[in-house]
Amino acid sequence: MSMTQIVALVLQNNHDISVQDLNRVIETERIKMAKAAFDPRFEASYAYQYIDTPQNAQEFVATGGGAATIPTANTQTGLATPILAQPTIFEQRNHVSNLSLIQRLTNGATVEVGTSQRILENTLNRNRPPGIFLPEYETYTGVTVTQPLLKDSGRNVNLTELRIAQSNARLANLEWRSRVAAAVANAMKIYYDVIFAHENMLVQRDAIRLAETLYAENKKRSDEGVLSPIEVLVAEGAVFTRKEDALIAETQYVDRQNALQLLFRTGADTDRELRIIPGDRLKADFDVPSRVTLICAAQNSRYDILQAIEVVDQRRMQSGFAKNQIKPRLDLIASAGLHGLDGSYGGSYGAAADGQGPEWTVGITFSVPLGAKRARAEAAIARQQERQAEIDADRIRAQITLELDTVLNRIRTDRQRVLTGRKGRDIAGQAMEGEIKRLGEGKSTTYQVLQYQNEYSQTRSRELAALADLNKGQLDLWLVTGQLMEKYGISIDNENTGNLNSQLTSDGKWRLESHRP
């Protein structure tokens, strides 16, 4: 499997990437929730009123009398005088309904457009006069606007929840990109470890071959009587020792493969055994841009600094909102509408439209909590959290330089290790060949040849290890400067969230997309 194939599997199946992608989905839904605060709201109500009210004297007179009486003779005049035998009952049988549409605006104003209808039947309108209609259809249609002037006034305050939700979505997206980059980098590093383990396993197998060749030559010469049998035993013992080393190297190879597979294997793959043979080789070297260029790229591209800046902006929004909540409430209220009264619904609305009963009101309401301790404490907390975010962003900026210098130093060291290992391998190879020649001339011993062979194998392993570390250093360089995805041709679709899909484009670059489920 090539590096490209490994990256494809990680982009497609990595659990950490998938979980973080679902966080993006969650934050996208939270944006919808915040926007819903500005959705219009429809309200409707209906009530049937059955009311019998005993009237006191004042109410009785106000409704024109009409209560039950009994005639009583006046002893002086001889005339009958009506006298109340019991309190009169004022009857009401009403149907009351309301319809309204309420809209909250982003500047804080609330606009309510509504109409109310009442069908009135009572003791008074049953009699004509004073009743005109039975039942009476009474309507009111109007609009009411409430505009905050201090607390909760302005777009910045009223859009705080939505903007914070959008900020959280951007943070989730940056975290997702960070997880993608980290997962890809981790997979590539382990892939380099797999390459090293595979190459080192071949080195150990070659060491076995060298020992077996020496054993065969010693046995042949011992059979010819020109070499002591002890030399044969030394060579044979070396064969088994190197086979043990090869088994250890093979175990390391399997362990590295399994660590790599953890990054992309799914539950459906549990019954399938997979062994990875790396199709790529370790790169000998690569170009490193200047330190200034790398620092500039890191300051503009690293996900953690972008997240820190986003958090500072978010805390600033929260601080501004908290400051506004300290203000007293002063609201301007204005309303206007038309009343109508008739013997039918249509007639009452028609009468209102003809201006039968206009109404308008303008006023203000004011309220202030005495002390406002809670609001002031919340504002103070918001200011401190804003300062914390600024300090954290500054810490990350300082940390970037130190991390970059650490990686650059490791790269310089690994380059020297590669050069040293390459020269050591060449010298050890020449020394081994010379010692084998001296053994053939009877000027050396099997033990000495085996020592030179061991040194040759070890220098090859050290060179491979240094080369693998150098390749991983390149990954760390692009990761610490936030350029990993760009350098390895992996683009991310920021718009959609949901099911992940990785695609290889025509120019050989990987595109990671996510689609809504």
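Scroll up to find the structure.
This write-up is about the structure you can find in this document. It should be emphasised that the depicted structure is a prediction, and the values quoted were computed from it without experimental measurement.

### So, the pattern of salt bridges
- Enumeration over the complete set of coordinates arrives at 40 salt bridges.
- For the salt bridge of D405 with R291, the shortest nitrogen-to-oxygen distance reads 2.7 Å. Taken together, the residues D405 in helix α10 (residues 373–440) and R291 in helix α7 (residues 291–301) connect sequence positions 114 residues apart.
- Exposure remark for D405: the relative accessible area of 28% places this residue in the partly exposed category.
- Between E403 and R302 there is a salt bridge, with its nearest N and O atoms 2.6 Å apart. Linking E403 in helix α10 with R302 in the loop between α7 and α8 (303–324), this pair joins segments that are 101 residues apart in sequence.
- Residue R302 is classed as buried on the basis of its relative accessible area, which comes to 7%.
- Through salt bridges with shared partners, a single ionic network connects D193, R256, D414, R417, D469 and K472.

### Re the packing of α7 against α8
- α8 packs onto α7 with a crossing angle of 45 degrees between their chain directions and a minimal axis gap of 6 Å. When the interaxial angle is binned, α7 and α8 end up oblique. Residues A298, Q299, N300 and S301 of α7 lie in contact with α8, whose contacting residues are Y303, I305 and L306.
- Residue classes in the contact of α7 with α8 are distributed as 4 nonpolar, 3 polar and no charged.

Conventions and cut-offs
- Here the residue numbering is sequential within each chain, running from 1 through the sequence in written order.
- At least 70 in pLDDT is required for a residue's local features to be given in this predicted model, at least 80 for side-chain atom pairs to be given and counted, and no such filter applies to totals for whole chains, interfaces and linings, which use all residues.
- Neither water nor hydrogens contribute to the side-chain values; these are computed over all heavy atoms in the structure.
- The salt bridge definition used is simple: a Lys or Arg side-chain nitrogen within 4 Å of an Asp or Glu carboxyl oxygen.
- Runs of H or I in DSSP of at least four residues are treated as helices and runs of E of at least two as strands, each being numbered from the N terminus.
- Three labels apply to residues, based on accessible area from a 1.4 Å probe with only protein chains included: buried if under 20% of the type maximum, exposed if over 50%, partly exposed otherwise in between.
- Lines fitted to C-alpha atoms define the axes, with helix axes restricted to the stretch in contact, and inter-axis angles between N-to-C directions lie between 0 and 180 degrees.
- Any angle from 65 to 115 degrees is called roughly perpendicular, while one under 35 is roughly parallel, one over 145 is roughly antiparallel, and all others are oblique.
- Two residues qualify as a contact provided that any one of their heavy atoms is within 4.5 Å of a heavy atom in the partner residue.
- Three residue categories are used. Nonpolar comprises Ala, Val, Leu, Ile, Met, Phe, Trp, Tyr, Cys and Pro, charged comprises Asp, Glu, Lys and Arg, and polar comprises the others, including Gly.

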